[in-house]
Amino acid sequence: MFLSRHAEAILKAIVRVAENNRSSKKTDLWPQIRPLLYRVERPSRYIDSEWGVAEAQDYRVGLCYPDTYEVGQANQALALLYQAANSLDGVSGERIFLPWIDLSDLMRKEDIELFTLESFMPVSRVDILGITIPYELSYTSILEVLSLAHIPFRAKYRDDSYPLVIGGGPCVFNPEPLADFFDAFLIGEGEEAWKEIISTDKTMRAQGKTKQEILEKLVGISGVYVPSFYDVSYREDGRISTITPTHGAPDRVYKRVVTDMETVAPIQCPIVPYVDVVHNRYTLEILRGCTRGCRFCQAGMTYRPVRERSADSIVKNAIDGLRDSGYDEISLTSLSSADHSQLEEVVRRLQKQFEGSGVSVSLPSLRVDAFSIDMAHLMAQGGRKTGLTFAPEAGSQRLRDVINKNVTEEQLLETVERAFKAGWRRIKLYFMIGLPTETDEDIAAIGELAGKVLRTAKKSVEPGQRGGITVGVSVSTLVPKSHTPFQWEPQATDEEIHRKQRVLRDFMPRKGVNLSWHDADISFLEGVIARGDRRLSPVLEAAWRNGARFDAWSEQFSLKRWLDAFEECAYNPAFTAHRARDYDEVFPWAHLSTGVSDAYLVAEAKKAREEVLTQDCSFDSCTGCGACQTLDVDIVLGGEKRQ
Ligand code: SF4
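What this report covers is the structure whose coordinates are included nearby.

### Quick notes on the overall build of the protein chain
Broken down by element type, the protein chain carries 22 helices and 21 strands. The C-alpha radius of gyration computed for the protein chain amounts to 25 Å, which stays within 12% of the reference 26 Å derived for 643 residues, consistent with globular compactness. Taken over 643 residues, the protein chain has a buried fraction of 58%. Across the protein chain, the fraction of contacts at a sequence separation of at least 24, relative to all contacts at a separation of at least 6, is 77%. As presented, the protein chain carries roughly 26,200 Å² of accessible surface, and 49% of it is formed by carbon and sulfur atoms. One way to put it: in the protein chain the 78 positive side-chain charges average out to a point 3 Å from where the 92 negative ones average out.

Structure representation (structure tokens):
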């Protein structure tokens, strides 16, 4: 085969990086791993030196995503933290993913430690180890990572020879079930704080400082939480009594926040995988935060306030990112991309820029309104109109007011009509059950609304096209999360959810609607972990010993392993999942703050019961959550601070 000179240069660069990384002073596990790859499914998961990897430096930062390569490599936060680490002098990132069960079993049998991808060095020998905590069902996979890496689970048993193990990501707003396993957590946005943590550790390690001394310094970095510096005491009835800081740690750790998105470099030279990952495209974060105020949504509370990149910056970064990566699709990501105040300008400029090049632009989520359909239509020009997804979340207007989902039935049906007239033929709707104040009438309303959507869709197209129309209805269970107005609510029991699912099936149209729902067992476990405290850590360990790992993969999930673990540890999961709390209860996360005040969450909880809406503060006036004042940050629209 002939290689062009350009391709040959790329290949040589890749080989050079691979050789430099391997010939480092650290142990190279590749000779031991290589023979095992003939015996596993998808060996390409474990091949290093993709385009865009960093050249190894003396100080190595392990960045772990506790799932397979395909899932972790697509994670935007991991890519940003990898880039942040590599931007520091003498520092390089080393990615770590959890090998699938076939390889991990072989590694155990052959006594081979978990390796990093860049250098194939043992994970236990990186200088610092950052682990993303993406969802509650990843907790046993995190233990599996530590086990395969031969790193003791509990932080107190790790001496100075081990890297500091730092957690970050969406679940750190209640990291307490993992508190014993981590040296520190980074609460909030990591781009700046991660560099400060690395620099502090690098300098102090070089000075011969101990782990304890380094941790005492790290608590001075805004957003860093060292769980061993807090003593937790419990009441006889099982509730928390007090959480007391020690070692000079602050009473409350406030989340770290980036005030200006223009200072956050987007992913500049992304790693281009050899294999298909879950999202095969260039992702560009166009805004951070969402202030729509859905009362069940943890991200909506924890990522406040809204900060947008400017249209100019988005367009420039999109062009650069696609050029450097070679991808032909770009996704403009955020919690609510259709809310970007300059979205239309951005999409029109990108369409013009990429006209005729085969590049497509997509948004991960759409609002229920005409504007979103116009944007989707603009983005789909010339391309296929695949399905659209919308999230009304509740079937009745009453319940949508309870959860503060500011969408009416008329808006939804108008949006559906516009979408089907514009050429779409598939639509998927997301709902939740188990919401506070929910009645069987509210559940029946989901079926009725799905029927109206189906009839509207059919009426909007020519009679000959009606046969191809499908409406998907996906129904999940509310898992009350920390830092939300629903954090005091009991989670519905499995029996109740199964009964509600039967009601739902009875009221769903028999034809034209594909109904699916989330496994109630999984939601139950997610609920226990989401609001659990430190007493849950032995349960996590027991579940892992019972074989739990990759719990987020439905074929790997086994409730029995967990029920056995609860029993072994004499832990009552119902106390955590199904109990209503008083407003003055001390939560496990009481010493961690998102900037949103407790008073605001209580007020929102009460407004939910009164079915009263709260407006979106990004476009209306401030509704007083306190995040801007507490964190000293402003709403930024189109790159400009809102006055
Ligand atoms: S402080 Fe006001 S403007 Fe800022 S996020 Fe909260 S409600 Fe919105």
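Next, the rest of the story.
### Notes on unusual backbone geometry
Backbone phi values are negative for most residues with the exception of glycine, while trans is the configuration of most peptide bonds. The omega torsion of the bond from arginine 304 to proline 305 falls at -10°, within 30 degrees of zero and hence cis. On the secondary structure map, proline 305 appears in the loop between helix 9 (298-302) and strand 12 (307-308). Positive phi values are uncommon outside glycine, yet histidine 150 reaches one of about 60°. Of note in the backbone geometry, aspartate 632 takes a positive phi value of approximately 55° without being a glycine. With respect to the helices and strands, aspartate 632 occurs in the loop between helix 22 (627-631) and strand 20 (636-637). Owing to a relative accessible area of 65%, aspartate 632 belongs among the exposed residues under this scheme.

### Section: helix 5 (residues 101-110)
Ile101, Asp102, Leu103, Ser104, Leu106 and Met107 are the residues of helix 5 that are buried. In this structure, the buried residues of helix 5 make contact with helix 2 (30-33) and helix 6 (139-148). Immediately downstream of helix 5, the backbone of aspartate 111 shows phi near 55°, a positive value.

### Details of the pairing of strand 16 (residues 426-433)
For a regular strand, side chains alternate in direction, first toward one face of the sheet and then toward the other. Strand direction decides the pairing type here: strand 15 (residues 388-393) and strand 16, joined by four bridges, are parallel. What sits directly across from phenylalanine 390, in strand 16, is leucine 429. Across eight bridges, the pairing between strand 16 and strand 17 (residues 470-477) is parallel. Note on strand 17: the bridge partner recorded for phenylalanine 431 is valine 475. Remark: the strand 16/helix 15 (residues 440-459)/strand 17 crossover connection has right-handed handedness.

### Thoughts on helix 19 (residues 559-568)
Turning to helix 19, its buried residues number three or more, namely Leu559, Trp562, Ala565 and Phe566. The arc that holds every buried residue of helix 19, seen down its axis, measures 125°, which confines them to one face. Residues Lys560, Glu567 and Glu568 are exposed on helix 19 and point more than 90 degrees away from its buried face. Buried positions along helix 19 lie against helix 6, helix 17 (520-530), helix 18 (537-545) and helix 20 (573-577).

### Section: the sheet that holds strand 17
Read from one edge to the other, the open sheet built from four strands follows the order 15-16-17-18, with strand pairing classed as parallel. Every interior strand has two partners, whereas the edge strands, strand 15 and strand 18 (513-517), have only one. Adjacent strand axes in the sheet meet at a mean angle of 20°, parallel and antiparallel pairs treated alike. Running at roughly 155° to strand 16, helix 14 (residues 409-421) makes contact with strand 15 and strand 16 of the sheet.

### Brief notes about the site of the ligand
Contacts to the ligand come from Pro305, Cys617, Cys622, Thr623, Gly624, Cys625, Gly626, Ala627, Cys628, Gln629 and Ile635. Residues of the shell around the ligand, tallied by class, amount to seven nonpolar, four polar and no charged.

### Quick notes on the nonpolar core
Counting residues in hydrophobic clusters, the biggest one holds 110 residues, and the most contacted among them are Trp194 and Trp562. Considering every element that reaches this core, the biggest residue donor is helix 6, with six residues. Those residues in contact with tryptophan 194, other than ones at most four positions away along the chain, are Val61, Leu63, Leu81, Ala84, Ala85, Ile128, Gly130, Ile166 and Leu186. Counting 67 residues, the second-largest nonpolar core is a separate cluster that includes Leu80, Ala318, Val416 and Val471.

Cut-offs used in this document
Residues numbered from 1 in each chain as written. Predicted model: local features only at pLDDT ≥ 70, side-chain atom pairs only at ≥ 80, totals over all residues. Heavy atoms only, no water. Helix = DSSP H or I, 4+ residues; strand = E, 2+ residues; numbered from the N terminus. Rg over C-alpha atoms; globule rule 2.2 N^0.38 Å. Buried < 20%, exposed > 50% of the residue type's maximum accessible area, 1.4 Å probe, protein only. Contact = heavy atoms within 4.5 Å. Areas by Shrake-Rupley, 256 points an atom, 1.4 Å probe, with all protein chains shown as cover. Lys, Arg positive; Asp, Glu negative; His and termini not counted. Charge placed at Lys NZ, Arg CZ, Asp CG, Glu CD. Pairing = 2+ DSSP bridges. Right-handed = clockwise from strand over helix to strand, strands pointing away. Arc of directions from axis to C-beta. Axes fitted to C-alpha atoms, helices over the stretch in contact; angles between N-to-C directions. Near = heavy atom within 4 Å. Nonpolar A, V, L, I, M, F, W, Y, C, P; charged D, E, K, R; others polar. Core = buried A, V, L, I, M, F, W, Y, C linked by side-chain atoms within 4.5 Å.

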